[in-house]
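# Descriptive structure summary
Chain by chain, the residues:
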Amino acid sequence: MSSDAADRPLRSDAQVDGATGRLVGRVAFADRHWIDRVIGYGIAAHEGALFGIANQILGTLTALLLTVLAVSGGIMWWRRRPTGLLGAPLPQNRPRFRIGLVAAIVGLGVYMPLFGTTLVIVLLVERVVLRRIAKTRRWLGLGRAASS
């Protein structure tokens with residue numbers, strides 16, 4: 001049998017003999033492997049069950065403030081961008097990427113294949129498609145739009 005308490009640190013498992021109904025063994029949360037306990041505490045905090053209402057208020061405030069940050073950032077960008085342009089900084093003639101930054105991005109792309117695949121797709125779309133369309137190239141700030 002297993003308890004299914006909302007607060008994970010309160011959960012426990014019990015083994016019962018089906019024939020006699022006698023308790024054969026019990027595993028409380030404190031008896032579990034330390035990794036299982038750490039993950040249990042993390043899930044309980046994430047679900048808002050660890051500290052009760054205080055945990056739920058903190059999670060709600062975090063979500064609301066992240067929403068305000070995203071919306072206000074979009075509004076500030078919209079108000080400050082040049083008319084008819086994306087408003088991204090102009091590209092440098094020769095961008096300087098430190099070898100550590102490139103290695104970190106490649107490492108993350110290998111470690112998280114979906115992230116790496118997305119990076120490759122975006123790079124290919126920018127290099128092959130977006131740079132060939134004059135209006136898109138100008139709007140994105142990828143260089144001067146050639147009149148063609």
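A brief look at the structure comes next. Sequence positions are assigned chain by chain, starting from 1 and proceeding in written order. Whole-chain, interface and lining totals are the exception, using all residues; otherwise, since this is a predicted model, local features are given only for residues with pLDDT of at least 70 and side-chain atom pairs are given and counted only at 80 or more. Side-chain numbers here rest on the full set of heavy atoms in the structure, without hydrogens or water.

When helices and strands are counted, the chain shows five helices and two strands. Strands are runs of DSSP state E lasting at least 2 residues, helices are runs of H or I lasting at least 4, and numbering of each runs from the N terminus. The order of α-helices and β-strands along the chain, N terminus first, is β-β-α-α-α-α-α. All radius of gyration figures rest on C-alpha atoms, and the globule criterion is 2.2 Å times the number of residues raised to 0.38. Radius of gyration (C-alpha) of the chain: 27 Å, far over the 15 Å computed for a compact globule of 148 residues. Projecting the C-alpha coordinates of the chain onto the three principal axes gives extents of approximately 90 × 35 × 30 Å. Exposure classes here rest on a 1.4 Å probe applied to the protein chains alone. A residue is buried below 20% of its type maximum, exposed above 50%, and partly exposed in between. Relative to its 148 residues, the chain shows a buried fraction of 12%. Throughout, a residue-residue contact means that at least one pair of heavy atoms, one from each residue, lies within 4.5 Å. Considering only residue pairs separated by 6 or more positions, the chain has 24% of its internal contacts joining residues 24 or more positions apart. Counting rule for charge: Lys and Arg are taken as positive, Asp and Glu as negative, and neither His nor the chain ends is counted. In this description, the location of a charge corresponds to atom NZ of lysine, CZ of arginine, CG of aspartate or CD of glutamate. Distance from the positive charge centre (19 side chains) to the negative charge centre (8 side chains) of the chain: 31 Å.

What follows is about the environment of Thr62. Mapped onto the fold, Thr62 is located in helix H2 (residues 53-80). C-alpha of Thr62 to C-alpha of Trp139: the two residues are 77 residues apart in sequence and 34 Å apart in space.

Attention now goes to the packing of aromatic side chains. Aromatic rings from Phe, Tyr and Trp, taking only the six-membered ring of Trp, are treated as a pair when their centres fall within 6.5 Å; an angle between ring planes under 30 degrees marks them as stacked, one over 60 as edge-to-face, and anything in between as tilted. Throughout the structure, instances matching the rule amount to two aromatic pairs. Between Phe29 and Tyr41, the aromatic rings sit 5.2 Å apart at their centres with planes inclined by 80 degrees, giving edge-to-face as the arrangement. Note that Phe29 is positioned in the loop between strand S2 (23-28) and helix H1 (34-47) and Tyr41 in helix H1, a separation of 12 residues in sequence. Judged by its relative accessible area of 6%, Phe29 is buried. In this structure, Arg81 packs its charged tip against the face of Trp77, placed 5.6 Å from the ring centre. Looking at Arg81, its charged tip hangs above the ring of Trp78, at a distance of 3.8 Å from the centre. Counted as over-ring charges are cases with an Arg CZ or a Lys NZ within 6 Å of the ring centre that also lie within 35 degrees of the ring normal.

A few words on the pairing of S2. We call two strands paired when DSSP finds no fewer than two bridges between them. For strand S1 (residues 12-16) and S2, the ladder comprises five bridges, and the chain directions are antiparallel. Paired with Val16 across the strands is Leu23, a residue of S2. Linking S1 to S2, which pair antiparallel, is a turn of six residues; within it Gly21 sits at a positive phi near 80 degrees.

An axis is simply a line fitted to the C-alpha atoms; with a helix, the fit covers only the stretch in contact. Between two such axes, the angle follows the N-to-C directions and lies from 0 to 180 degrees. Close contact between helix H3 (residues 99-111) and helix H4 (residues 113-129) brings their axes to 5 Å; oriented N to C, the two are set at 120 degrees. Considering their axes alone, H3 and H4 lie oblique with respect to each other. Facing Ile105, Leu108, Gly109, Val110 and Tyr111 of H3, the residues of H4 in contact are Pro113, Phe115, Gly116 and Leu119. Tallied by class, the residues present in the contact of H3 with H4 amount to seven nonpolar, two polar and no charged. Angle categories are assigned with fixed cut-offs, so that under 35 degrees is roughly parallel, over 145 is roughly antiparallel, 65 to 115 is roughly perpendicular, and the rest are oblique. As a working rule, the residues Ala, Val, Leu, Ile, Met, Phe, Trp, Tyr, Cys and Pro are called nonpolar, Asp, Glu, Lys and Arg charged, and the rest polar, with Gly in that last group.

Let's shift gears to the pattern of salt bridges. A pairing counts as a salt bridge when a side-chain nitrogen of Lys or Arg comes within 4 Å of a carboxyl oxygen of Asp or Glu. A complete count under the given rule lists three salt bridges for this structure. With its nearest N and O atoms 3.2 Å apart, the salt bridge here joins Arg32 to Asp13. Here Arg32, found in the loop between S2 and H1, pairs with Asp13, found in strand S1; they are 19 residues apart in sequence, far enough to count as distant. Across the pair Arg32 and Asp36 runs a salt bridge, and its minimum N-O distance is 3.7 Å.

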